[in-house]
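Inside the fold
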Amino acid sequence: MKLRKVVPIILASTVTLVMTTACGSSSSTSTNPTSSGSSAPVSLKLLIASSGDAETASVKAAAAKWASATGNKVDVLVATDINQELGQAFAGSTPPDVFYVDAGKFADYAKAGSLEPYGDQMTTKFVPALQQTFTYDSKFYCAPKDYSTLALIINTAMWKAAGLTDSDIPKDWNALEAVATKLTTKDHVGLVVGNTRDRVGAFMKQAGGWFTNADASAITTNAPENLAALDYVKKLLAAGVAKYPKAVDAGWGGEAFGLQKAAMVIEGNWIKGAIKNDYAKVAYQVAELPAGSAGKGTLLFTQCWGVAAAGQNKPQAIDLVKSFVTDDQQMAFAEGFGVMPSSQSAQAAYGAKFPADAAFLAGGQYGQGPVAIPGFAPVLAQFDVGLDALSTTEPQKILTETQKNGEAALADSK
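This report concerns the structure included in the present document. Keep in mind that what you see is a predicted model, and the values were worked out from it rather than measured.

Bringing the packing of aromatic side chains into the picture now. In this structure the tally under the stated criterion is 19 aromatic pairs. Residues Phe126 and Phe140 carry aromatic rings whose centres are separated by 6.0 Å and whose planes lie at 70° to one another, so their mutual orientation is edge-to-face. One end of the pair, Phe126, is in the loop between helix H3 (103–111) and helix H4 (128–133); the other, Phe140, is in strand E5 (residues 139–140), with 14 residues separating them in the sequence. The exposure classification of Phe126 matches that of Phe140, with both residues buried.

On to the packing of helix H7 (residues 197–206) against helix H8 (residues 224–239), then. As a packed pair, H7 and H8 sit with axes 8 Å apart at the nearest point and diverge in direction by 125°. With respect to their mutual orientation, H7 and H8 come out oblique. Considering the relative orientation of H7 and H8, their crossing is right-handed. Side by side, H7 and H8 meet where Val200, Phe203 and Met204 of the first sit next to Asn226, Ala229, Leu230, Tyr232 and Val233 of the second. Looking at the contact of H7 with H8 residue by residue, the class counts come to seven nonpolar, one polar and no charged.

Next up on the list: H7. With eight of ten residues buried, H7 lies mostly within the body of the structure. Within the span of H7, buried status applies to Asp198, Arg199, Val200, Gly201, Ala202, Phe203, Met204 and Gln206. Against the buried residues of H7 lie strand E6 (143–155), helix H6 (173–183), H8, strand E9 (262–268), strand E11 (300–307) and helix H15 (377–388). A positive backbone phi angle near 95° is found at Gly208, which sits one or two residues after H7.

Parameters and conventions
- Residues numbered from 1 in each chain as written.
- Predicted model: local features only at pLDDT ≥ 70, side-chain atom pairs only at ≥ 80, totals over all residues.
- Heavy atoms only, no water.
- Phe/Tyr/Trp six-rings, centres within 6.5 Å; stacked < 30°, edge-to-face > 60°.
- Helix = DSSP H or I, 4+ residues; strand = E, 2+ residues; numbered from the N terminus.
- Buried < 20%, exposed > 50% of the residue type's maximum accessible area, 1.4 Å probe, protein only.
- Axes fitted to C-alpha atoms, helices over the stretch in contact; angles between N-to-C directions.
- Parallel < 35°, antiparallel > 145°, perpendicular 65-115°, else oblique.
- Left-handed = near helix turned anticlockwise from the far one by under 90°.
- Contact = heavy atoms within 4.5 Å.
- Nonpolar A, V, L, I, M, F, W, Y, C, P; charged D, E, K, R; others polar.

Here it is as structure tokens:
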């Protein structure tokens, strides 16, 4: 997949970003009671938005393991368009028992009362930023499934050809501009960055800004920190040392990198699969994104295990989720289809197993999740329109318009 949107916050994903009982999880070794209090087995429906055969197989195996241990049954269904299918199921009062919830849609579902707020029943300790992402109206609703972050992907051959070494890996914005300039040639640009908030938003975070304050109770888009971030990106674009993917005839950063039209790209860990499958001859290394004036910053792309508020078998559904978020099971998912575990205790195990992902993993501790305001998607879509024309538009105009639209959306959400 190209981008894991969990928006990928490819990819993830996209990115579209993961196991047996472990420390902190509930036991799933005996038949669980039904919602009516009996011990009869139940049949659960689990709806997923799969990135491919590997993810589907991994989830089916985990569901079958829980079903075998409990005497229940799980039907794993793969959605073609999960947001559309969930919307129809909620409208028809026939939702699946458990389902993937994209972080960008979470607040809408929570406000509508479609999600069971079972988060307080979880004993797994999740990466704090991920738990915050799935908290609405002070309630922790659903267990984060896994996550992806953004990092700096570097073409090692181009890096060496430019006379750069590991000591030149940029740690701040000035250094990023310097190496992007040095790496830019007639054949390739120094840096390619996506033209949406899912990439440019990382600079906002690094500058100490974001669309809202920490608890999303106020819109802060029109802050000087965000202006500094957009001014910096515009400066790189104007100098020709950074370009959007379409400017190098690519559909996304991973394609630009794979076709060697960019010496560096800002992308998520989903790029690993794209390079392995489509551009295996391109050697690369991964570094954390350079820090801005406020320090390090990246974006989180994630989903949670949603449980239907109208479900008839909620105790079993929650128990199934508990089995999915044990450290062992999350590591099995990681090995199966390349996602990073959401539990805090599994971070060390993942880092030891996949040392090349250290930069992506580190971002989980300081990354920014999506805006958790119902109905905010159109505001962000309009912001992206502004970003697309950033090279010919005053950044302040983009921020002022987004501030106005955001305040209206926030008022409507209450």
